[in-house]
Protein chains: 2
Amino acid sequence: MKDFVIKGQILYSASPERIVWTENGYLPVVGGICRGVFSALPAAFSGLPLEDFGDRLILPGMYDLHLHASQFAFRGLGMDMELLDWLNRYTFPEESKFRELSYAERAYEGFVTALRRSPTVRASIFATVHSPATLLLMEKLEASGLHCCVGKVNMDRNCPPSVRDPAPEEAVRETEQWILQALERFSNTKPILTPRFIPSCTDALLEGLGALRHKYDLPVQSHLSENLGEIDLVRRLSPAARFYGDAYDRFGLFGRDHRCAMAHCVHSGEEELERIRQNGVFIAHSPESNMNLASGVAPVSRYLEMGLQVGLATDLAGGSHESMFKAITHAVQASKLRWRLYDNSVSPLSFAQAFHLATAGGGAFFGKMGKFEDGYVFDALVLDDSNLFHPQPLDLLSRLERAMYLADDRNLAAKFVDGVRLF
Amino acid sequence: MKDFVIKGQILYSASPERIVWTENGYLPVVGGICRGVFSALPAAFSGLPLEDFGDRLILPGMYDLHLHASQFAFRGLGMDMELLDWLNRYTFPEESKFRELSYAERAYEGFVTALRRSPTVRASIFATVHSPATLLLMEKLEASGLHCCVGKVNMDRNCPPSVRDPAPEEAVRETEQWILQALERFSNTKPILTPRFIPSCTDALLEGLGALRHKYDLPVQSHLSENLGEIDLVRRLSPAARFYGDAYDRFGLFGRDHRCAMAHCVHSGEEELERIRQNGVFIAHSPESNMNLASGVAPVSRYLEMGLQVGLATDLAGGSHESMFKAITHAVQASKLRWRLYDNSVSPLSFAQAFHLATAGGGAFFGKMGKFEDGYVFDALVLDDSNLFHPQPLDLLSRLERAMYLADDRNLAAKFVDGVRLF
């Protein structure tokens, strides 16, 4: 069922600087794994069923390294505050509703429906502090065909009681129960340890989570250096930490021996970047959110030059929409304003770089994903751009760039995750 | 035919700071003119046919103060260059194709189709230097039900021959012929004088255009202070001008006794702003274009505080899309980055301000338009947001804000221009 050949206009990122394409190319998939891209189908694969997508674009699926399923309901609202006020005014009140399973059912159904038809194939998702609702979300994601990591969020301070974990020992016990349930019930939906961020988590909680991480060998996700007020707060709350990231690392929650995704990294200093590099931490660049909450713009081209692991994120609902196509355009646009308004020594992102972030850059967080090279898992989108009017011929790279600015869910003709076609 | 009552969830900008709304409101239209918004229908209008749009949002149509119909074909492409290089690499080659009427037919058909189904009710449009193609565009716009100003572009230097006007005397004669044709053939599609920008236009050409403007009492549109390289070039080309805007004003092409729209004004200095204010020039704020071409961000909230006339523009294809909804979100986002990265003394735009720009702000360029107050022309959109999932109740203002981020052409249930329903 996972053995076939795809034919169409094939593109993917060979590197952050270079998108490669094959016109009328053949992409054999065996056991859900890409076997390369060819201008003429090698004899070895000639016996496989062929799906010919004609003139449509075949591109890797996209990897959303950071979004809040529980915030889908208020996407596009409240885009006039800064982070800490926005959390208190919109986010925590909304998240508290998820203690009611009936609300979680409605809210998460809408979210999963939207994510399934979006360009996203795999995502690293925040739920809420509530385990039952989180398991409900995971159940829906498991049924959707998407492959995601989902985190029950841990938070035990600086937040209203309605979204607060119990005392650390109890919170850790509850989190462990959630992990065990998740590991038992789901194959393609994985638990990821999710301390909300340092301002939300006492040392005792972080210590317990560090132990859980080690015991179950889990990945970790959190927030890092998004906003200046937040960084100040962390400095006051964690005087023993050398920098914000160190506050996580002290508890073994910052890469090193596990996959770790940190959202934002807008204002990371040199020491923090060096630790990110050493520990192999993935930066989830969230350009729209950073604009909407006026946090700033991360110097992404510099991060790429430094060889850091960088992926892209919608950060729904700091960002307004679940579409990774939009996130790509925001990444380019935000980088241009950073260059023009703030620091012209950090070059703007090219389209190729932004496309790389969304595919190969973020794909690496999930495994050998995000490219169509031999050995990579086949996650893919088939994009029909025929309704994007153009009176002149366009080459494949132009069609791809333009689709990121103009296409929407109507243009997704097919979507494959792990070699399985979702629609 | 233009006498009816609209019922629905009605919103409009009372001022740049304040959006007003009436739930289940009645909006009588007589002779295509709004007679106010009411919670209960006054007896005077009870005899008029009622169109009840139920829970849908009724908002003013949007006014795109600056876009290039001839660039629709390459929207979303080439977003990695600065202005002057981008003009030479993409814009001029594309515009030269419009000397072939068969190409203009295809290209403009696509453009008008898209504009008609967009949130735009009236627009100030650049065509190309070619009169026949420009008249063809105007013919299609006239048939569309939209009400627009269209400019045959004037440009006689610093551009390839294929897009260059003849010598000034001949160019002015040709332009006059185009004006006469346009005035004779079209009712709702008006000619607007369109010197491309100072770098493109010799003094002799500008002088001739100034005379035409006066003779036919035409409005004027052009570009102003978009990019630093451009401003330097103008300084060298027009040594007698005190500042960029003065280079237009010296030929009577900068407001004062006519309506005048100037795109961008990103880097306008104090003298220029004062002249803009005195002359009543409209600033066509083009945030996405200014991001894509890394020009910068205009200090719009400051312009509003100064009482300048400011509207909004997509600047297709410096901007990637014809949707004014997107332009609104770009205006807010760009202003936030300007505040965070460049100058925190100029506050970011609120949603209310950005919505004002797109409706009342730009509407004023076309007449008494852009609001639902007594005496205003009825240009309107009916927005069906029922497919924008939300598990919790939302007030009208939240629904409106969110729709700007999430809605697309599928959500436009109806569109009225000048009291006439287009669809």
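Reading the values: the criteria
Numbering of residues starts from 1 in each chain and follows the order in which that chain's sequence is written. Whichever chain is written first becomes A and whichever ligand is written first becomes 1, with later ones labelled in order. For this predicted model, a pLDDT threshold of at least 70 governs which residues receive local features, and a threshold of 80 or more governs which side-chain atom pairs are given and counted, while totals over whole chains, interfaces and linings are taken from all residues. Values shown for side chains rest on all heavy atoms present in the structure; no hydrogens or waters enter the calculation. Should any heavy atoms of two residues lie within 4.5 Å, those residues are counted as being in contact. The quantity reported as buried area is the accessible area (1.4 Å probe) lost by two parts once they are put together, taken as the sum for both. Salt bridges are identified by distance alone: a Lys or Arg side-chain nitrogen within 4 Å of an Asp or Glu carboxyl oxygen. Any pair of N or O atoms that falls within 3.5 Å is considered a polar contact. Within protein, one atom must be able to donate a hydrogen and the other to accept it, and sequence-neighbouring residues count only if both atoms are side-chain atoms. What counts as a helix is a DSSP run of H or I of at least four residues, what counts as a strand is a run of E of at least two, and both are numbered from the N terminus. Residues are grouped as follows: Ala, Val, Leu, Ile, Met, Phe, Trp, Tyr, Cys and Pro are nonpolar; Asp, Glu, Lys and Arg are charged; all remaining types, including Gly, are polar. A cavity here means a set of points on a 1 Å grid, drawn over the protein atoms and nothing else, where a 1.4 Å probe fits but cannot get out; a pocket is an open set with protein on both sides within 12 Å along at least five of seven lines, and a residue lines either one if it has an atom within 4 Å of a point. Grid points are joined across faces, edges and corners, and a volume is the space filled by probe spheres set on the points. For this overlay, a least-squares fit was computed on C-alpha atoms, restricted to residues scoring pLDDT of at least 70 in both copies. Those domain boundaries reflect an automatic or database domain assignment. Only when DSSP finds a minimum of two bridges between them are two strands counted as paired. Note on geometry: axes are C-alpha line fits, over the in-contact stretch for helices, and angles between N-to-C directions span 0 to 180 degrees. Here the term buried applies to any residue with accessible area under 20% of the maximum for its type, exposed to any over 50%, and partly exposed to those in between, with areas from a 1.4 Å probe on protein chains only.

1. Details of the interface of chain A and chain B
Taken together, the contacts link 54 residues of chain A with 53 residues of chain B. Across the interface of chain A and chain B, roughly 4400 Å² is buried in total on both sides, 57% from carbon and sulfur atoms. At the junction of chain A and chain B, the tally comes to four salt bridges. On the surface where chain A and chain B come into contact, there are 18 residue pairs in polar contact (both at pLDDT 80 or more). Take the side of chain A that touches chain B: its biggest share by element is eleven residues, from helix α11 (residues 324-341) of chain A. Of the residues assigned to the side of chain A that touches chain B, the class counts are 24 nonpolar, 14 polar and 16 charged.

2. Brief notes about the layout of surface pockets
Put simply, the second largest pocket is a space of about 420 Å³. Lining the second largest pocket are 21 residues, with Ser398 and Glu401 of chain A together with Gly78, Arg89 and Tyr90 of chain B sitting closest to its centre. Going through the elements one at a time, β2 (18-30), α12 (351-366) and α13 (396-406) of chain A together with α1 (83-96) of chain B are the ones with two or more residues in the lining of the second largest pocket. A total of four residues in the lining of the second largest pocket trace back to one element, the largest contributor, which is α1 of chain B. In the lining of the second largest pocket, the residues fall into ten nonpolar, three polar and eight charged.

3. Section: unusual backbone geometry
Residues and elements named next belong to chain A. Going from Leu316 to Ala317, the amide bond is cis rather than trans, its omega being 5 degrees. Inspection of the secondary structure puts Ala317 in the loop between β14 (309-312) and α11. In the Ramachandran plot, Arg256 falls in the positive-phi region, its phi being about 80 degrees despite a non-glycine side chain. Here Arg256 shows up in the loop between α7 (244-249) and β12 (260-264).

4. Details of the relation of the copies chain A and chain B
For the pair chain A and chain B, the best superposition has an RMSD of 0.0 Å and corresponds to a rotation of 180 degrees with a translation of 0.0 Å parallel to the axis. Taken together, the rotation and translation describe the operation of a two-fold axis.

5. Details of the domain arrangement of chain A
All names here are of chain A. Split into domains, chain A comes out as domain 1 (4-61 + 370-421) and domain 2 (62-366). With 28 residues of domain 1 at the contact, the number on the domain 2 side is 28 residues. Of all residues in domain 1, the largest losses of buried area upon contact with domain 2 belong to Pro16, Met404 and Lys415, amounting jointly to 26% of the total for that side. Among the salt bridges present, the one from Asp379 reaches Arg122, with a minimum N-O distance of 2.7 Å.

6. Some thoughts on the sheet that holds strand β15 (residues 380-383) of chain A
Sheets are built from strands paired through backbone hydrogen bonds, the pairs being either parallel or antiparallel. Residue and element names in this part refer to chain A. Sheet architecture is open: seven strands sit in the order β3-β2-β1-β4-β15-β16-β17, paired in mixed fashion. Both edges of this open sheet fall to β3 (33-34) and β17 (420-421), since each of them pairs with a single strand only. Taken together, the two bridges between β2 and β3 define a ladder with antiparallel strand orientation. Counterpart to Val30 in the pairing with β3 is Ile33. Running over the sheet, α12 touches β1 (4-15), β2 and β4 (50-60) and is turned about 115 degrees from β1.

7. Observations concerning the environment of Phe92 of chain A
All names here are of chain A. As for its placement among the helices and strands, Phe92 is situated in helix α1 (residues 83-96). Classification of Phe92 by relative accessible area gives buried; the value is 2%. Along the backbone, Phe92 and Cys159 are 67 residues apart, and their C-alpha atoms lie at a distance of 7.4 Å. Residues in contact with Phe92, not counting those within four places in the same chain, are Leu87, Met155, Asn158, Cys159, Pro160, Val163 and Arg196.

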